[in-house]
Amino acid sequence: MAKSTGALKTQPLTLTQEFILMLLNEETGYFHQVAGWNLNCAVVGAALGELSLRSRIDTDMESLFLVDRTETGNSALDPILKEIADEPVQRNTQYWIEKLAPRAESILDSVLDNLVDQRILEHHEGDFWTLAPSVWHTDQTSDSQEGAPGEFIKTRINKAIFLNEIPDPRDIIIICLVNTCDVLRFIFQLDEAAEKRIEFLCKMDLIGRAIAEAVGQSIVAPSLRRPSLTKPIPAVSLRDLVFNRELREGRLPAGFANLAKKYGPVFELRLPFRQNIIFLVGLKTNEWAQRMGRVFLRSKEYFEEVDRAYGVSRSMHSVDGADHFRFRKSLKPAYSPKTLTNRLDDVYDLTRAHMASWDVGSTMPAQVMLRPLLNAQSSPLLASIDTQDEIVDALKYKVRVLNVGIMKMMPRFMLKTPGMRRWAKVTQKIVDRMQSTHTAAQRVGMHEDVVDAYLALHATDPQFLPESDLSLPLGAILMTAMYMGDQVGFALYWLLQNPELYERVTAEADALWAEGDPREDDLSLDRIDVTHRVLMEALRMSPIAPFSMRTVMNTCVVEGFELPVGAQLVIAQTATHYSEEVFPDPWTFDIERYAPPRNEHLSRGYAPFGLGTHSCLGSRWANLHMAINLLMLTHHFKIELARPYKRLPMDPYPSQSPSNKLKFRLAELRHEIRV
Ligand code: HEM
């Protein structure tokens, strides 16, 4: 179908593309769930349907014939056509569907990429997809008299089912396939008449019938869905844990990578008095978590104790599915780098005002120096308030909650100590201040910040986000100062260990500030290239968030190991940062990894911002904000390590942070700080 979306002219869509568009669920930002094998069969069925419509093959209920082996020019279809053409024996459709089903994932990837390239779908961080606004608009406003070719697939199928319009053969194949996957009832409100009509339509086209029937038969062949024999999950011995130097010294990614060398990609930690924990480590498990996590895993259990400590019933971190997508969709604009670049003058002024309070010649622990520096900016930018007086106590509260609730490193009563009660009050005071400064009258003419975005979501749907659930998201805003401050601390450490890079970053900073404060365009990637790659490499070697925790909600098999319902998982997504296969010579700080032709970060082995649906919503903000801070630090000061360090001193929990042993000295003021 040729698709014309206003000024945008696109390629004709293939049957596979339209089948995928048909499955798109705008509420969840993903596709109506069709179990993996079933979806694979249906995707291949759609590809065979397309080949048949292009007169390359023909199918009937018994067999599938090659008609013409001339390539179609479509990269997803041609390998399938070749395989059919090269087969010496004639096979039936079911044979081909089952044989080709393992290829479905790559077909699906190329279909999705192509729909995004054509600006029919929009791809969002966390692997969510929505229909591009231009497509919606065109479909809503298109004149129905224009006929089917320009219409969005769902509209055409709707007309075929409910208005008794005669569908063309391609639409019949799609109806047959979607019906076989049993998701039509989730897409449309089907009454008895509609169901009868679908049954009738599915019989109208022989090709559609043949393919749908073959897909249906493949779907009911359960032996093909899962490997029948799964392997027992190896348990890590206490000795290997205790003698793992990396784990002992707090370098979790390297520690997990070491364990994976001995135990493989899935292993279990059995600890007394707590549930066993299964670890997923490696490129393949990262790819699985990215792609399949949404179907099999959830965040509720691992985060519920944190929710409880903040007195909320749920939060963006602890929900999944459509509600989670709704959170992300509503908050995405506020977390985008645009909200940062809209306020660049504030960023520079706040940074300088804080730096001006430092004494040249002094030595400071990385945390003491950099968390307040970042908080001096992030509280005003994200929440339009100053929290410098309270940030230390508010962070103590959150860190303790994470250590008790998520890491289970401390007993529960540690949440009730007098110190915790005091810090809880400070946190609540900040949250109250965030709310009281965000009344409509006070926000007139102000840039929208993250608090505005949460309050707007609450105002538009107080049942979805009640007032009683606001304290955690608002309190969590403060954590960004800790995460970015610690990560900038790591980057500074690596720079100081690599003097040549330190000079190159300083040169980039001096060039940018040569004629006053840089504007948004000046901060383009080519002008902050070295700084950006230094941060990328610091995020690889010392990521502040090295793993994610989840609970298995549907039994699944990963790398041949069955993960049972209720199992507690640690997805050690950054262990691959220390894998020779993904990052050769992983212990060397080397920013050339991120330049062509190496581009080592382009696989799922690079995951400092997490994987899957909960991956960091602020990653682009964080990258830009940290780059600005690193640049301003090197522009204004000559900084030195307080003493030589053989290895980066780290504390691993609840996030990896520079330990108090890591200290920086402000050796010289290079450029005056004008406040
Ligand atoms: C060095 C800086 C940062 C790193 C390495 C980082 C990393 C991460 C990671 C790994 C996750 C996923 C957690 C999980 O899977 O359970 C995450 C989630 C999140 N991050 Fe970040 N983050 C950083 C800074 C920021 C900043 C500055 C913001 C806001 C401006 C932010 C906002 C968020 C949000 C809202 C989520 C929750 C997403 C969801 O649950 O859907 N992060 N971050």
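These numbers were taken from a predicted model, which means no experiment stands behind them.

Thresholds applied
Residues numbered from 1 in each chain as written. Predicted model: local features only at pLDDT ≥ 70, side-chain atom pairs only at ≥ 80, totals over all residues. Helix = DSSP H or I, 4+ residues; strand = E, 2+ residues; numbered from the N terminus. Buried ≥ 20, exposed ≤ 12 C-beta atoms within 10 Å, placed from the backbone. Contact = placed C-beta atoms within 7 Å. Pairing = 2+ DSSP bridges. Axes fitted to C-alpha atoms, helices over the stretch in contact; angles between N-to-C directions. Near = placed C-beta within 6 Å. Nonpolar A, V, L, I, M, F, W, Y, C, P; charged D, E, K, R; others polar. Domains from an automatic or database assignment. Core = buried A, V, L, I, M, F, W, Y, C linked by C-beta atoms within 7 Å. Expected span 1.5 Å × (residues − 1). Parallel < 35°, antiparallel > 145°, perpendicular 65-115°, else oblique.

> How do you make sense of the environment of valine 67 when you look at a structure like this?
Inspection of the secondary structure assignment puts valine 67 in the loop between β6 (64-66) and α3 (78-86). With 12 C-beta atoms packed within 10 Å, valine 67 lands in the exposed category. For valine 67 and cysteine 556, which are 489 residues apart along the polypeptide, the C-alpha to C-alpha distance reads 40 Å. In this view, valine 67 contacts Ser55, Arg56, Ile57 and Asp58; residues no more than four positions away in its chain are not counted.

> What's the story with the sheet that holds strand β9 (residues 266-269) in this structure? I'm lost.
Two pairing modes exist for strands in a sheet, parallel and antiparallel, and in both the strands are linked by backbone hydrogen bonds. The strand order β9-β10-β16-β13-β11 describes an open sheet built from 5 strands, whose pairing is mixed. Only two strands of the sheet have a single neighbouring strand rather than two, namely β9 and β11 (297-298). The strands that helix α16 (residues 300-309) touches are β11 and β13 (548-552); relative to β13, the one it contacts most, it runs at about 120°.

> Hey, could you run me through the environment of isoleucine 84 in this one?
Locating isoleucine 84 in the fold gives a position in helix α3. Once the C-alpha coordinates of isoleucine 84 and leucine 100 are considered, the two residues, 16 residues apart in sequence, prove to be 9.9 Å apart. When neighbours within four sequence positions are excluded, isoleucine 84 is seen to be in contact with Ile57, Leu66 and Trp96.

> Hey, could you run me through the site of the ligand in this one?
Residues in close proximity to the ligand total 22 residues, the closest being Ala545, Ser548, Gly610, Cys616 and Gly618. When contributions to the shell around the ligand are tallied by element, the ones reaching two or more residues are α25 (479-497) and α28 (619-636). For the shell around the ligand, the leading source of residues is α25, giving 4 residues. Residues of the shell around the ligand, tallied by class, amount to 13 nonpolar, 8 polar and 1 charged.

> Teacher, can you tell me more about the domain arrangement of the chain here?
Size of an interface: often given as the accessible area lost when the parts come together. The assigned domain composition of the chain is domain 1 (4-224) and domain 2 (288-669). Taken together, the contact between domain 1 and domain 2 spans 9 residues of the former and 13 residues of the latter. Class assignment of the residues belonging to the side of domain 1 that touches domain 2 gives a composition of 2 nonpolar, 4 polar and 3 charged.

> What's the story with the nonpolar core in this structure? I'm lost.
Among soluble globular proteins, nonpolar side chains are generally buried collectively. Grouped together as the largest cluster of nonpolar side chains are 82 residues, with contacts concentrated most on Ala491, Leu630 and Leu631. Counting residues in hydrophobic clusters, the runner-up holds 56 residues, among them Trp96, Leu177, Val178 and Ile198.

> Sorry if this is basic, but what is going on with the pairing of strand β20 (residues 663-669) here?
Regular strands show a simple pattern: their side chains alternate between the two faces of the sheet. Judged from the 3 bridges that link them, strand β12 (residues 363-365) and β20 form a sheet pairing that is antiparallel. Paired with methionine 364 across the bridge in β20 is phenylalanine 664. Relative to β20, strand β17 (residues 637-641) is paired through 5 bridges, and the arrangement is antiparallel. Its bridge partner being in β20, glutamate 640 is matched across the sheet by arginine 665.

> I'm lost on α28 in this one. Help?
Structural remark: α-helix, 3.6 residues per turn; residues separated by three or four positions point the same way. For α28, with 18 residues, the first-to-last C-alpha span of 26 Å sits near the 26 Å given by 1.5 Å per residue. When you tally the buried positions in α28, you get 15 out of 18 residues, the bulk of the element.

> Just checking my understanding: could you explain the pairing of strand β7 (residues 121-124) for this structure?
Note: β7 against strand β8 (residues 128-131), 4 bridges, orientation antiparallel. Of the residues in β8, the one forming a bridge with histidine 124 is phenylalanine 128. The turn joining β7 and β8, which pair antiparallel and follow one another in sequence, is formed by 3 residues; a positive phi near 90° is taken by glycine 126.

> Is there a simple way to explain the packing of helix α7 (residues 153-162) against helix α10 (residues 192-202) in this structure?
Two packed helices can be described by the angle between their axes and the distance between those axes. Two numbers describe how α7 lies on α10: the axes approach to 8 Å, and their chain directions differ by 105°. With respect to each other, α7 and α10 are oriented roughly perpendicular. Between α7 and α10, the residues in contact are Ala160, Ile161 and Phe162 and Ala194, Arg197, Ile198 and Leu201, respectively. Grouping the constituent residues of the contact of α7 with α10 by class yields 6 nonpolar, no polar and 1 charged.

> How should I be thinking about unusual backbone geometry in this particular structure?
Outside of glycine, negative phi angles account for most residues, and trans bonds account for most peptide bonds. Residue proline 596 is joined to proline 597 through a cis peptide bond whose omega torsion reads 0°. Its location among the elements puts proline 597 in the loop between β16 (568-571) and α28. The phi torsion at serine 55 lies on the positive side, around 55°, for a residue other than glycine. Structurally, serine 55 is set in the loop between α2 (36-53) and β5 (57-59). Residue class for serine 55 comes out exposed when judged on the 10 C-beta atoms lying within 10 Å of it.

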